[in-house]
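# Structure at a glance
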Amino acid sequence: MYLESIESSYNFYEFHHLQSCPNQKHAHDFVYKKLKILDISGFVTTSNTSCNYMFKGCSSLEYIELSNFSTQNVTSMYGMFRECTVLNNIDTSGFVMTNCTTTAYMFNKCFELETIDLTGVTTSKVKEAQGMFYECNNLVSVDARNWSSSALNDISNMLYGCDKLKTVYLNSLNNLSGAYMMNSFYNSRQIEYLDIRS
């Protein structure tokens, strides 16, 4: 079964039996305006290296189940959840990003997202995280305390416009050397606790 078979009128869709992404350059097939709940637990992407814009524009998507989402060969997650404007819950436990090099604009304009826990995510190869949470203006907490910054070279606009953000754990960012950091916290004026210790 291919992603193209999903009907835009579905409110709930289970991907338990889907074995791989279709062979295509970018997985753009999730632009379904009425999709509200999505379960892709156990989704295997062994033949795919790009999840760019995978869920972009799913403007009714409220919850996505990502437990054991297998993306071990994916190298780019650019704009993966971009403009999922009512998405309020993302479970990233078991999310595999061991070969991913870019998470740029991954959650851009996820207006209803309040918290994100990335503590269990391996990011040792991520080079670009610019605009990752750009204009997530209801985001209150970001926990990425186990992130590795050894390869990071761009975190510009990472938390740009997160004007309700209060708590940030971005441990190891103090190890950045020569990374581009312009406007990383621009207009994130409510931050009360910022931890960037290694």
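Residues numbered from 1 in each chain as written. Predicted model: local features only at pLDDT ≥ 70, side-chain atom pairs only at ≥ 80, totals over all residues. Heavy atoms only, no water.

## Focus: the overall build of the protein chain
Worth spelling out the cut-off: Strands here mean DSSP runs of E at least two residues long; helices mean DSSP runs of H or I at least four residues long; both are numbered from the N terminus. Burial here depends on accessible area, computed with a 1.4 Å probe over protein chains only, as a share of the maximum for the residue type. Under 20% is buried, over 50% is exposed, and the range in between is partly exposed. Any two residues having at least one pair of non-hydrogen atoms within 4.5 Å are treated as being in contact. For the area figures, the Shrake-Rupley method with a 1.4 Å probe applies, and any residue is considered shielded solely by the protein chains shown.
When helices and strands are counted, the protein chain shows 0 helices and 8 strands. For the protein chain, the N- to C-terminal ordering of α and β elements is β-β-β-β-β-β-β-β. Counting over 198 residues, the protein chain shows a buried share of 48%. When contacts within the protein chain are restricted to residue pairs at least 6 apart in sequence, long-range pairs at least 24 apart make up 83% of them. Per element, the accessible surface of the protein chain, about 9,000 Å² overall, is 45% carbon and sulfur.

## Let's talk about the environment of Val142
Relative to the helices and strands, Val142 resides in strand β6 (residues 141-143). Between the alpha carbons of Val142 and Leu194 there is a distance of 9.8 Å; along the sequence they are 52 residues apart. If we skip the residues at most four places from it in the chain, Val142 touches Ile116, Phe133, Leu159, Leu165, Thr167, Val168, Tyr169 and Leu170.

## Looking at the confidence of the model for the protein chain
Short version of the rule: The predictor's confidence in any single residue is recorded as pLDDT, a number from 0 to 100.
Per-residue pLDDT for the protein chain averages 78, and the proportion of residues at 70 or more is 78%. The lowest-confidence element of the protein chain is strand β1 (residues 12-14), averaging 43 in pLDDT; the highest-confidence one is β6, averaging 93.

## With respect to unusual backbone geometry
In this model, Lys109 sits at a positive phi of 65°, which is unusual for a non-glycine residue. Structurally, Lys109 is set in the loop between β4 (89-91) and β5 (115-117). The residue Asn183 is not glycine, and still its phi comes out positive at about 60°. When you line up the elements, Asn183 lands in the loop between β7 (167-169) and β8 (193-195). We classify Asn183 as partly exposed; its relative accessible area is 31%.

## Thoughts on the environment of Ala151
Mapped onto the elements, Ala151 comes out in the loop between β6 and β7. Ala151 sits 27 residues away from Ser124 along the chain, and the two C-alpha atoms are 6.5 Å apart.

## A word on a nonpolar patch on the surface
To keep things clear, this is the line we draw: Patch membership requires more than 30% relative accessible area and the absence of a salt bridge. Residues of like charge join within 9 Å; the nonpolar side chains Val, Leu, Ile, Met, Phe, Trp and Tyr join within 5 Å. A carboxyl oxygen of Asp or Glu within 4 Å of a side-chain nitrogen of Lys or Arg is what we treat as a salt bridge.
A surface patch of nonpolar side chains, about 220 Å² in accessible area, is lined by Phe185, Leu194 and Ile196. A relative accessible area of 40% places Leu194 in the partly exposed class.

## Looking at the environment of Ser188
To keep things clear, this is the line we draw: Polar contacts, as used here, are pairs of N or O atoms within 3.5 Å; protein pairs need one atom able to donate a hydrogen and one able to accept it. Residues neighboring in sequence count only if both atoms are side-chain atoms.
Here Ser188 is to be found in the loop between β7 and β8. Given the relative accessible area of 8%, Ser188 is considered buried. Measuring from C-alpha to C-alpha, the distance between Ser188 and Lys164 comes to 6.9 Å, with 24 residues separating the pair along the chain. Those residues in contact with Ser188, other than ones at most four positions away along the chain, are Leu159, Gly161, Cys162 and Asp163. Reaching out from Ser188, the side chain makes a polar contact with the backbone oxygen of Leu159 at a distance of 2.6 Å.

## Regarding the packing of aromatic side chains
Aromatic ring pairs are reported here in terms of the distance separating the ring centres and the angle at which the planes meet. Stated formally: Between 30 and 60 degrees the pair is tilted, below 30 it is stacked and above 60 it is edge-to-face, where a pair is any two Phe, Tyr or Trp rings, Trp via its six-membered ring, whose centres lie within 6.5 Å. Charges are assigned to positions over rings by a cutoff of 6 Å between ring centre and Lys NZ or Arg CZ, combined with an angular limit of 35 degrees from the ring normal.
All chains considered together, the criterion is met by 9 aromatic pairs. Where Tyr169 meets Tyr193, the ring centres are 5.5 Å apart and the plane angle is 55°; that geometry is what we call tilted. Taken together, the residues Tyr169 in strand β7 and Tyr193 in strand β8 connect sequence positions 24 residues apart. For Tyr193, a relative accessible area of 35% puts it in the partly exposed group. Ring pairing ties together the aromatic residues Tyr53, Tyr78, Tyr105, Tyr134, Tyr160 and Tyr186, which thus form one cluster. Over the ring of Tyr169 we find Arg145; its NZ or CZ atom is 3.9 Å from the centre of that ring.

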